[in-house]
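One-letter residues, chain by chain:
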Amino acid sequence: MRKTASKVREAVGITAAAVFFLLCLFDNEGTSAAVRDSVRRCLDIVIPSLFAMMTASALIVSSGLTTAVPRCVGRLGRAIFGMEGRELPIFTFGMVAGYPVGVKMLCSEYISGHITKRRAELLSGFCFGAGPAFIFGCISGQLYGSRRAGLLILVSTVSANVLLALFMAPFLRRTASAEHAPCRVSVSADMLTDCVLRSGRAMGEICAMIVFFSVAAHFLTAAFGAAAGELPWKLPCLGGITAEAPIAAFLDVTNVAGFPRGDWLLLPLISGLTAFGGICVLMQLAALTRGKLSLVSFIIMRAAAAVLSYIICRGLLPLLMEGEITEVSSIKAESTRSVSPVPSVMLIIMTVALMLEFGSKKETYGTEIYTK
C-alpha cells in the first residue's frame, strides 16, 4: 500500500514538473512578465523590509537574548499565555517582524533543543504577522493613502494573534517546562557574521520561492479562468469587485495591491488576507523549516486568525475610520517602489561576497588544522 502511494506521489510530481516545463516553454511572454514582477517585488519590498529583521531575529536567538527576560515577566507570560520566558519575546517580535521571522526563530530554538517540536508547531500559529513596512507601505500607502488603514490592519492582525494565544494557553501551560532557563547572553563578531550569512541564505530561498510561485500563480490563475469561462466575474458580497484580486491575494499576499483603491469596505477582507499570509508564504516557511516542523497546526490557526482579523477589523472600522471620506480619484498613492533597485542589488552582492570570503576562511582554517 505504501509503495503504491509512493509511486502515485512520484507520478504526480513528475507530471506536474512536466506540465510546468511545457507551460513555461510555450508561454514565454507570461512567464517573463511573472518573473519580472516577482523580482521587482523582491527588490522593492521583500529584501528592504525583511533582511534587517531576519538578521536581528537570528542574532536574538544565537546570542541568547531570549533568556534575558526578567522572571516576573516570564511568570506573567506563563500565567496569561502559558509561554515560557524565552518564548514570550518570539511571540511579541514575530507578530510585527515579518511573515517568516517568528517561525524561523522557533525552528532555531527547536534545533537548539530549547523547546520541543510540538511547542514550536503550536507557537508558530500565532508568532506570525506582516511587518509594518509591508502593511503601511504596500497596503495603506498604495490603496488608501492613509496610515489609518495600516493601523487598523495592524491592530486587527495582532489582536487575532493575541486571542489565539489566549485560546491555546491551556495547551501550552500543560507542556511548559518547570525550570527557568539561565540567562546566558553572548555576542561576538563571528556570531554577527554568521547571522548575516544565514539571513542572506534565507532571503535567497524566500526570493527564489517568490519567483517560482509567481510563475505558478500565473498559470493557476489562467487555468482557473479558463475552467470557469471568465475569471473576472463580479462578487456582489464584496461590493461587486472581480474575483481575480482576492484569488491572486490568496495565492500571494503581496497582490493585495491589485484591489480597488479607496474602498474602505474592502479593508476587513484585506485584513483577513494579511493575517493568513497566502499560499506563497506557506511555501516560504516550508522551505525555511525544511520539514523540521509540521505546518498542519499552523495552517489551521492562520485560517482562524484570518476570520478573527476580518471580524475585528469590521467591528473597528466605523470607529477608526469615522470622518475618513476619500474619493478614489483623489487618492495619492504612496509608491513602495524604491527610487532605484541599486541598494538591494548591492546588498545581495555584498552578502554573496561575504559568504565567499567567510567560506574561504573556514576552508583555510580547516586545512591548517589538518596539516598540524
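Worth saying up front: this structure is predicted, and the values here are computed from it rather than measured.

*Asks:* Help me understand the packing of helix α8 (residues 147-174) against helix α11 (residues 267-276) in this model?
*Replies:* Packed helix pairs are characterised by how far apart their axes lie and by the angle those axes make with each other. Where α8 meets α11, the axes come as close as 9 Å, and the angle between the chain directions of the two elements is 50°. With respect to α11, the axis of α8 lies oblique. Here α8 runs over α11; the crossing is right-handed. Facing Ala-149, Leu-152, Ile-153, Ser-156 and Thr-157 of α8, the residues of α11 in contact are Leu-267, Ile-270, Ser-271, Thr-274 and Ala-275. Its residues assigned to classes, the contact of α8 with α11 comprises six nonpolar, four polar and no charged.

*Asks:* Any chance you could explain the packing of helix α3 (residues 71-81) against α8 here in plain terms?
*Replies:* Between α3 and α8, whose axes approach to 7 Å, the crossing angle comes to 95°. Here α3 is positioned roughly perpendicular relative to α8, judged by the angle of their axes. Between α3 and α8, the contacting residues are Arg-78, Ala-79, Ile-80 and Phe-81 on the first element and Val-162, Ala-165, Leu-166, Ala-169, Leu-172 and Arg-173 on the second.

*Asks:* Quick question: what am I supposed to make of the confidence of the model for the protein chain here?
*Replies:* In low-pLDDT regions, the fine details of the predicted coordinates are not to be read closely. On average, residues of the protein chain score 76 in pLDDT, and 77% of them reach the 70 mark or higher. Below pLDDT 50 for its whole length, residues 325-340 participates in 26 contacts with residues either more than four positions away or in separate chains. Here residues 362-372 scores under 50 on pLDDT; set against residues more than four positions off or in separate chains, the count is zero contacts.

*Asks:* Quick question: what am I supposed to make of the nonpolar core here?
*Replies:* If you look at soluble globular proteins, the nonpolar side chains tend to sit buried side by side. Counting residues in hydrophobic clusters, the biggest one holds 44 residues, and the most contacted among them are Met-83, Phe-91, Phe-126, Met-203 and Ile-206. Put simply, the parts of the chain that give this core at least two residues each are α2 (28-63), α4 (87-94), α5 (99-111), α6 (117-124), α8, α9 (189-228), α12 (279-289) and α13 (296-320). Apart from the residues within four sequence positions on either side, Phe-91 is in contact with Phe-81, Met-83, Phe-126, Cys-127, Asn-161, Val-162 and Ala-165. Of all hydrophobic cores here, the second largest spans 36 residues; its members include Phe-134, Leu-154, Ile-270 and Phe-298.

*Asks:* Please clarify how α6 should be interpreted in this entry.
*Replies:* An α-helical segment advances 3.6 residues per turn. Residues three or four places apart therefore align on the same side. The buried fraction of α6 amounts to six of the eight residues, a majority that puts the element mostly inside the structure. Taken together, the buried positions of α6 are Arg-119, Ala-120, Glu-121, Leu-122, Leu-123 and Ser-124. In the core, the buried residues of α6 are packed alongside α4, α5, α8 and α13.

*Asks:* How do you make sense of the side chain of Glu-121 when you look at a structure like this?
*Replies:* Topologically, Glu-121 is positioned in helix α6. On the basis of relative accessibility, which here comes to 8%, the residue Glu-121 falls in the buried class. In this view, Glu-121 contacts Leu-293, Ser-294, Ser-297 and Met-301; residues no more than four positions away in its chain are not counted.

The rules we used
Residues numbered from 1 in each chain as written. Predicted model: local features only at pLDDT ≥ 70, side-chain atom pairs only at ≥ 80, totals over all residues. Heavy atoms only, no water. Axes fitted to C-alpha atoms, helices over the stretch in contact; angles between N-to-C directions. Helix = DSSP H or I, 4+ residues; strand = E, 2+ residues; numbered from the N terminus. Parallel < 35°, antiparallel > 145°, perpendicular 65-115°, else oblique. Left-handed = near helix turned anticlockwise from the far one by under 90°. Contact = heavy atoms within 4.5 Å. Nonpolar A, V, L, I, M, F, W, Y, C, P; charged D, E, K, R; others polar. pLDDT = per-residue confidence, 0-100. Core = buried A, V, L, I, M, F, W, Y, C linked by side-chain atoms within 4.5 Å. Buried < 20%, exposed > 50% of the residue type's maximum accessible area, 1.4 Å probe, protein only.

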